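# Observations on chain architecture
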Amino acid sequence: MRNALGALTLTPLVWLGACVGPPRDADGQIEGITAQRYPLELVLERARQIPIGTSRARVMAALGSPAYDEFEYWRYVDNRPGVVAPTKEVHVYFERGVYTGYEVRPVVLGLPW
């Protein structure tokens, strides 16, 4: 009886926990995430080949749209099916609309470091 009562108390909490997730926009997409065009490994390979001083438009043509557009830098994440928490992401940096470089950053427990 005691275990059944505990299970009945815990069940609604599990349901509530399942309903909590990242904030979504009116279309049901996760807020802040755009449609990243290419997989992370391809983005990283192409970022290595882009010369410093390239315009933002040419970088967009080479790397495709990012997952996050933070204005002065773009974030590309590992968006493979089945990857619950990515392990790394690529930040592409700009200064005054000009490409200044990229950085591979680790992701620990779903949070960039």
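The structure contained in this document is the topic of the report that follows. Each chain carries its own residue numbering, running from 1 in the written order of its sequence. The model is predicted, so local features are restricted to residues of pLDDT at least 70 and side-chain atom pairs to those at 80 or more, both for listing and for counting; the totals for chains, interfaces and linings are taken over all residues. Hydrogens are left out, water is left out, and the side-chain values use all remaining heavy atoms of the structure.

### Considering the pattern of salt bridges
Put simply, the test is: Each salt bridge in this description consists of a side-chain nitrogen of Lys or Arg and a carboxyl oxygen of Asp or Glu lying within 4 Å of one another. Every helix listed is a DSSP run of H or I at least four residues long, and every strand listed is a run of E at least two residues long, numbered separately from the N terminus. For every residue, the accessible area obtained with a 1.4 Å probe (protein chains only) is divided by the maximum for its type, and the residue is called buried under 20%, exposed over 50%, and partly exposed between those limits.
Applying the stated rule across the entire model yields 4 salt bridges. With a shortest N-O distance of 3.1 Å, E41 and K88 are connected by a salt bridge. Here K88 lies in strand β3 (residues 88-95) and E41 lies in helix α2 (residues 40-47), a separation of 47 residues in the sequence. We note a salt bridge from R96 to E95, for which the minimum N-O separation is 3.9 Å. Classification of R96 as exposed rests on a relative accessible area of 75%. Linked through salt bridges whose partners overlap, the residues forming this network are E70, R75 and E89.

### A short note on the packing of aromatic side chains
Worth spelling out the cut-off: Ring pairs shown here join Phe, Tyr and Trp side chains whose ring centres sit within 6.5 Å, with only the six-membered ring taken for Trp; geometry is labelled stacked below 30 degrees between planes, edge-to-face above 60, and tilted in between.
Within this structure, the stated rule accounts for 3 aromatic pairs. Here the aromatic rings of Y73 and Y93 are separated by 5.7 Å at their centres, their planes lie at 45°, and the arrangement is tilted. Taken together, the positions of Y73 in strand β2 (residues 73-77) and Y93 in strand β3 put the pair 20 residues apart, joining distant regions of the chain. An aromatic cluster of at least three residues, connected via ring pairs, comprises W74, F94 and Y99.

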